[in-house]
Every structure is written in C-alpha cells, then in structure tokens.
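# Remarks on the overall topology
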Amino acid sequence: MTLLPQELLKSKAPSSRPVISLCEGSDPRIVAGALAAHQADLANVILVGDADAVRAELSSQGASESEGVQVHDPLTSPLTSKFAAEYHDLRKHKGVDEAKALTAVQTPVVYAAMLVRLGHATGTVGGAVLTTGDIVRSAIQVIGMHKDAAMVSSFFLMYPPKNATNGARAMLYSDCGLVIDPSAQELSEIAKASSKSCRALLETEPKIGFLSFSTKGSAKHTAVSKVAEGLALFKETAPDIEADGEFQFDAAFVPSVGERKAPGSSVAGHANVMIFPNLDAGNIGYKITQRLGGYMAIGPVMQGLAKPANDLSRGCIAEDVTEMIAVTALQSLNQ
Ligand SMILES: CC(C)(COP(=O)(O)OP(=O)(O)OC[C@H]1O[C@@H](n2cnc3c(N)ncnc32)[C@H](O)[C@@H]1OP(=O)(O)O)[C@@H](O)C(=O)NCCC(=O)NCCS
Ligand SMILES: CC(=O)OP(=O)(O)O
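Residues numbered from 1 in each chain as written. Chains lettered and ligands numbered in written order. Predicted model: local features only at pLDDT ≥ 70, side-chain atom pairs only at ≥ 80, totals over all residues. Heavy atoms only, no water.

An unreviewed UniProt entry lists the protein under the name Phosphate acetyltransferase, with Cognatishimia activa as the source organism. Check the Catalytic activity (unreviewed entry) section of the UniProt entry for the protein; it says "acetyl-CoA + phosphate = acetyl phosphate + CoA". (UniProt positions renumbered as here; feature names shortened; annotations may be inferred.)

## Concerning the UniProt feature "domain: Phosphate acetyl/butaryl transferase" (unreviewed entry) in the protein
UniProt records the feature "domain: Phosphate acetyl/butaryl transferase" (unreviewed entry) at residues 9-329, using the numbering of this structure. Secondary structure within residues 9-329 divides into 43% helix and 16% strand; the distance between the first and last C-alpha atoms comes to 7 Å. (Helix = DSSP H or I, 4+ residues; strand = E, 2+ residues; numbered from the N terminus.)

## A few points about the site of ligand 2
Every residue close to ligand 2 is listed here: Thr132, Phe156, Asn283, Tyr286, Lys287, Pro300, Ser313 and Arg314. Here asparagine 283 contributes a side-chain N or O atom positioned 3.0 Å from an oxygen atom of ligand 2. Between ligand 2 and the protein, one listed contact pairs an oxygen atom with a side-chain N or O atom of arginine 314 at 2.7 Å. For ligand 2, whose free accessible area comes to 260 Å², the fraction covered by protein is 86%. Counting residues per element, the shell around ligand 2 draws most heavily on helix α12 (residues 279-291), which supplies 3 residues. Within the shell around ligand 2, the residues separate by chemical class into 3 nonpolar, 3 polar and 2 charged. (Near = heavy atom within 4 Å. Polar contact = N/O pair within 3.5 Å; in protein donor to acceptor, adjacent residues only side chain to side chain. Areas by Shrake-Rupley, 256 points an atom, 1.4 Å probe, with all protein chains shown as cover. Nonpolar A, V, L, I, M, F, W, Y, C, P; charged D, E, K, R; others polar.)

## Topic: the site of ligand 1
Residues in close proximity to ligand 1 total 16 residues, the closest being Lys94, Arg137, Val152, Gly177 and Leu178. Within the side chain of lysine 94, an N or O atom sits 2.8 Å from an oxygen atom of ligand 1. Contact distances for ligand 1 include 2.9 Å between a nitrogen atom and a backbone N or O atom of glycine 177. Out of a free accessible area of 930 Å², ligand 1 has 58% covered by protein chains.

## Side note on the nonpolar core
Counting residues in each nonpolar core, the largest one holds 86 residues, and the members touching the most others are Leu22, Leu47, Tyr87, Leu157, Ile208, Phe210 and Ile325. It is helix α6 (residues 108-117) that provides the largest number of residues to this core, a total of 8 residues. Ignoring sequence-local partners within four residues, the contact set of isoleucine 208 consists of Ala191, Ser195, Phe234, Ile241, Glu242, Ala243, Asp244, Val267, Val273 and Ile275. Formed by 19 residues, the second largest nonpolar core is a distinct cluster that contains Tyr173, Phe253, Ala268 and Tyr295. (Core = buried A, V, L, I, M, F, W, Y, C linked by side-chain atoms within 4.5 Å. Buried < 20%, exposed > 50% of the residue type's maximum accessible area, 1.4 Å probe, protein only. Contact = heavy atoms within 4.5 Å.)

Written as structure tokens, this is what we have:
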C-alpha cells in the first residue's frame, strides 16, 4: 500500500517541523489547506500576501495568526529590504537595478521563494491562483537549480481512488507541467530525475515507461524516434533502472496488453513512472486520469531545484494544498 504524502511525512517523523511559505496567502483553499497541515502537525506555514486580506480569510475560517501560522506582507515585512539586496545581487547581470529588485521582492511569489533561498522557510507552494509559468520562473530565478541537476522538470503523483480495480496503482507522471517539447536528451534527464522522485515519494522501485502513440516500432514517425532515442540515452546512463518503450499507454499500464504488444518486457503492463513525449500529452493525460479515472493528482511537483518549490493546478482543492505541503516537506528531507 502506497502512503499518501501526509502519511509518509508522518512516518518519517522529521526532527524539526518544516516551514512552508505560501504566496497566495488569502486564497480560501490555500488557507484551509495550510491550516489543515498545521493542525495535523505536518508543518508550520507562512501565509504571504496582503496582511489585511490574509487575516480576514483566516478569521473567516475561525483561525488567527500564531507561531505556527504566520502572516508576511511583502510591502511591510522587515525582511523585504534584505530580500531586495539579495535579488539585486542575483539578477543584476540580467539588467535588474535596485528599484526593480525591490518591486520584484514585493511580489508575493518572489518574496515566498526568497524566504526559502535565505533559509526562513524549508520550501514554498503556490499556483492555486497564479499560472505555472509564474511559479516556475520565480523558483528557477530565486532558488535556482540543484548542483547535480541538468534541468528543472516536473511530475504529478497519481494515487488511485479507494476500491479501484484493474491494476490501479500509484504512479508518477512526468513531465505534465513544465518542459513543453523535450528533446530526446531532455526526456532521458526527466526520466532520471523522476526515478529518484519515485523512490523518494512513492517508496517503490521505478519501472519507467517511455510513452508514445507507438509500441516498439508499431508506427514510424520522428515523434516516435525521439522517444526511442530518449529511452536509449536513459539506458546508457542508468542501466540499473528498469525502463522500456516506446509504449502506448495501454501497453505500459495493462499487463495483458503489455504482453501482447511488447512480449518479454518486464516493464510493459507494469510501469509506475510514465514519461510523456511532450507537455500536450502529459498535461492532458494527467487531467484525464484525474477527472475521468478518479485518481488524486498532486502536482506539478518540481524536480531539479536547489530547494523545494512546488506548483498547484488552479483547479486544486484544499486537500491538494495539504498534500502538496507534505510533498514539499518530504523533498526537503531528501535533499
Ligand atoms: C518554465 C517556463 C515558464 C519558462 O518559460 P520562459 O519564462 O518563457 O522561459 P525563459 O526561457 O525566459 O526562462 C526563464 C528562466 O528559466 C530558465 N529555464 C527555463 N526552463 C528551464 C528548465 N526546464 N530548467 C532550468 N532552467 C530553465 C531559463 O534559463 C531562464 O533563466 P534566466 O532568467 O536566469 O535566464 C516555460 O517552460 C513554460 O511556460 N512551460 C509551460 C508551463 C505551463 O504552462 N504548463 C501548463 C500548466 S501546468
Ligand atoms: C498543472 C496545470 O495544468 O495547472 P493549471 O490547471 O493551473 O493550468
């Protein structure tokens, strides 16, 4: 049985309580999800935004500020001038002057990421209101890439509904949120990062399926060759991880179809890490699995950053926010 992020975090019993900043501090779903995370002892939270609006939302949900539920307004915070100096240092080579740096860190999404960069928070979560582009750009620019990462990409944790049948299982779908048209090399990098994320967050050995509209050469097209090349590159650099393809989704997911279309493959029909060929397929695929299949979809979780920063779908609910806070805390334990 795969544990949901909240349960997994509790089982790890971190020695100190993670602190998660949330840049959409007055959104009702963010506030409800953050309060639930705090009440469940998963994390302390910093709600970033217009202080009056955040406090009003807290109050409407029967809560108020405390040591574990802080409110930071970037326009009045004592940290803002320090953050502006840091941002200026970080971005002056891109033509950002001191005035632009101050304006940038007065934006909640940049301020929340700066809390992480300078150690005031363990990780950050946003995207219930802002677009993925806004969240990802500030994470890449303020927090930066991990020293061992070749690129930043993202994935969704997909959890089957209770009482699901037909081989339903927890899976990792990647990249459904960030890299629009990955090259073969980038597909291989995405698969490598996803295999680590699978071990850390699903606590299971990855079986990686490289997805396509073709299974093992059943169709010929440059789009198919790209996926096959991505798999070959992956196998060269990570020979110990089980990976196969190219697979159509049914061949990757359904054992009987896998046997028919890709006989002899140990991954066909059993893949738990699905590598999509591009963002059209990945984003549409995860939403269909979530909305028609009833899977819980937690993401986009980012991989390849120096410290955890994660996105949400604007269609999220409070429960997704709580689970994403737990994912963000778990990533900080694994870095
Ligand atoms: C991530 C994304 C926002 C970056 O787009 P962008 O801002 O146009 O890209 P830019 O090329 O200007 O990149 C901005 C910065 O991020 C860096 N960057 C972009 N993608 C990156 C990646 N995958 N890994 C590492 N760095 C990356 C760039 O080098 C650049 O850094 P700099 O400002 O220090 O020069 C873009 O890939 C995107 O829009 N993805 C799709 C998001 C989306 O709509 N998803 C669907 C809903 S989930
Ligand atoms: C991940 C994603 O698709 O985000 P949104 O629904 O906010 O566009």
